[in-house]
Amino acid sequence: MTMIASVDRKPSFSAAALLAPFRALGRFMIALSEASPQMRALNGLSQRSDEELAAKGLTREGEVRRILGGSAAL
């Protein structure tokens, strides 16, 4: 004789539901920071090689200071 036992459980409250607002807030903050002009300028700087910068008489450190202004802490 074969016996099958099944247990029906209601889904318990998951941690994903609790963390969802925090994840959404984090994604929003990242999107907000990536949209800033400073971040776009830094992304452009990171795509340039040191040789390209040197050909223009610039240094990477100098450009970071120029982009970030007084908030540059290198």
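Each chain has its residues counted from 1, running along the sequence as written. For this predicted model, a pLDDT threshold of at least 70 governs which residues receive local features, and a threshold of 80 or more governs which side-chain atom pairs are given and counted, while totals over whole chains, interfaces and linings are taken from all residues. Computation of side-chain values: all heavy atoms of the structure, hydrogens and water removed.

## So, the overall build of the protein chain
Phase 1: Counting from the N terminus, the helices are the DSSP runs of H or I reaching at least four residues and the strands are the DSSP runs of E reaching at least two. Assigned secondary structure in the protein chain consists of four helices and zero strands.
Phase 2: Accessible area of the protein chain: about 6,600 Å², with a carbon and sulfur share of 61%. Accessible surface area values rest on a Shrake-Rupley calculation with a 1.4 Å probe, where residue burial reflects the displayed protein chains alone.

## Examining the environment of L58
Phase 1: For L58, the position within the fold is in the loop between α3 (50–55) and α4 (60–68).
Phase 2: The contact rule is simple, with two residues in contact once any of their heavy atoms fall within 4.5 Å. In contact with L58, not counting residues within four places along its chain, are L53 and E63.

## Things to note about a nonpolar patch on the surface
Phase 1: Surface patches are drawn from residues lacking salt bridges whose relative accessible area is over 30%; two like charges belong together within 9 Å, two nonpolar side chains (Val, Leu, Ile, Met, Phe, Trp, Tyr) within 5 Å. Salt-bridge detection follows one rule: a side-chain nitrogen of Lys or Arg within 4 Å of a carboxyl oxygen of Asp or Glu. Together, F13, L18, L19 and F22 make up an exposed nonpolar region whose accessible area comes to about 470 Å².
Phase 2: Relative to the elements of secondary structure, F22 occurs in helix α1 (residues 15–34).
Phase 3: The exposure class assigned to F22 is exposed, which follows from its relative accessible area of 57%. Relative accessibility decides the category of a residue: with a 1.4 Å probe and only protein chains considered, values under 20% of the type maximum give buried, values over 50% give exposed, and everything between is partly exposed.

## Describing α4
Phase 1: Taken residue by residue, α4 has E63, V64 and I67 as its buried positions. Here the buried residues of α4 occupy an arc of 100 degrees about the axis, which is enough to place them on one side.
Phase 2: Elements in contact with the buried residues of α4: α2 (37–46).
Phase 3: Just downstream of α4, G69 is the residue with a positive phi angle, here 65 degrees. Directions drawn from the helix axis to the C-beta atoms are what define this arc.

## Quick word on the confidence of the model for the protein chain
Phase 1: The predictor attaches a confidence to each residue, and that confidence, scored 0 to 100, is pLDDT. Residue-level pLDDT values for the protein chain average 85, and 84% of them are 70 or greater.
Phase 2: Across the protein chain, element-level confidence peaks in α3 with a mean pLDDT of 94 and bottoms out in α4 with 91.

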